[in-house]
Amino acid sequence: TTMKAHLKLDANLADHGLDSLDVIELVIRIEDELGYVIDGENLAKFTKPKHFVNFITQLEAYKAEFHKLPHEDNHVEFSLHAAFPGLPGDKKAKKA
């Protein structure tokens, strides 16, 4: 267990008994409760409470300026038939 009252922003989470699975659980809670996405390749960088605070602060600033989070509206529309015209089942290919 960790002693939450003694946890400071610069403290190393591992020094308080938190391992990588605990960090993943914390990240999941942040994603679920705040909607912020922390990608897996950056997880190792979150070793101190201040890293989470800085991350949330930066996303809040981004959200205030752009009225959305960086990962929102980053969807790409893809149509198989538009990318590969003439595929079987393509309506235009049948008419030709």
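Rules used in this analysis
- Residues numbered from 1 in each chain as written.
- Predicted model: local features only at pLDDT ≥ 70, side-chain atom pairs only at ≥ 80, totals over all residues.
- Heavy atoms only, no water.
- Helix = DSSP H or I, 4+ residues; strand = E, 2+ residues; numbered from the N terminus.
- Buried < 20%, exposed > 50% of the residue type's maximum accessible area, 1.4 Å probe, protein only.
- Contact = heavy atoms within 4.5 Å.
- Areas by Shrake-Rupley, 256 points an atom, 1.4 Å probe, with all protein chains shown as cover.
- Core = buried A, V, L, I, M, F, W, Y, C linked by side-chain atoms within 4.5 Å.
- Phe/Tyr/Trp six-rings, centres within 6.5 Å; stacked < 30°, edge-to-face > 60°.
- Patch = residues over 30% accessible without salt bridge, like charges linked within 9 Å, V, L, I, M, F, W, Y side chains within 5 Å.
- Salt bridge = Lys/Arg side-chain N within 4 Å of Asp/Glu carboxyl O.
- pLDDT = per-residue confidence, 0-100.

A. Here's a closer look at the overall build of the protein. When its secondary structure is counted, the protein shows four helices and zero strands. Order of helices (α) and strands (β) in the protein, N terminus to C terminus: α-α-α-α. Looking at the protein as a whole, 16% of its 96 residues qualify as buried. Within the protein, residue pairs in contact and separated by at least 24 positions form 42% of the contacts whose partners lie at least 6 positions apart. Of the roughly 7700 Å² that the protein leaves accessible, carbon and sulfur atoms contribute 57%.

B. Quick peek at the nonpolar core. Leu 13, Val 23, Val 27, Ile 30, Tyr 36, Ile 38, Phe 46, Phe 52, Phe 55, Leu 59 and Leu 69 together form the largest nonpolar core, which totals 11 residues. When contributions to this core are tallied by element, the ones reaching two or more residues are α1 (20-34) and α2 (49-66). Ile 30 has contacts with Gly 35, Tyr 36, Phe 52 and Ile 56, leaving out every residue within four places of it along the chain.

C. Highlighting the packing of aromatic side chains. The tally for this structure, following the rule as stated, stands at three aromatic pairs. Residues Phe 46 and Phe 52 carry aromatic rings whose centres are separated by 4.9 Å and whose planes lie at 45° to one another, so their mutual orientation is tilted. An identical accessibility class is assigned to Phe 46 and Phe 52; each is buried. Aromatic pair Phe 46 and Phe 55: ring centres 5.5 Å apart, planes at 80°, arrangement edge-to-face. For Phe 46, a relative accessible area of 9% translates into the label buried. An aromatic cluster is built from Phe 46, Phe 52 and Phe 55, whose rings are joined through pairwise contacts.

D. Representation of a nonpolar patch on the surface within the structure. Taken together, the side chains of Leu 21, Ile 24 and Ile 28 define a hydrophobic patch exposed on the protein surface, amounting to about 270 Å² of accessible area. Tracing the backbone through its elements, the reader meets Ile 28 in helix α1. For Ile 28, a relative accessible area of 42% puts it in the partly exposed group.

E. Molecular detail of the confidence of the model for the protein. Averaged over the protein, the pLDDT score is 84; the fraction of residues at 70 or greater is 84%. When pLDDT is averaged over each helix and strand of the protein, the minimum, 53, is found for helix α4 (residues 91-95) and the maximum, 93, for α2.

F. Seen up close, the pattern of salt bridges. Following the criterion strictly, the structure yields two salt bridges and no others. Across the salt bridge formed by Lys 50 and Asp 10, the nearest N and O atoms sit 3.2 Å from each other. Placement of the pair is Lys 50 in helix α2 and Asp 10 in the segment before α1, with a sequence separation of 40 residues. In this structure, Glu 33 engages Arg 29 in a salt bridge whose closest nitrogen and oxygen atoms are separated by 3.2 Å. Of the two residues, Glu 33 and Arg 29 both sit in helix α1, four residues apart, roughly one turn of that helix. Using a relative accessible area of 57% as the deciding quantity, one classes Glu 33 as exposed.

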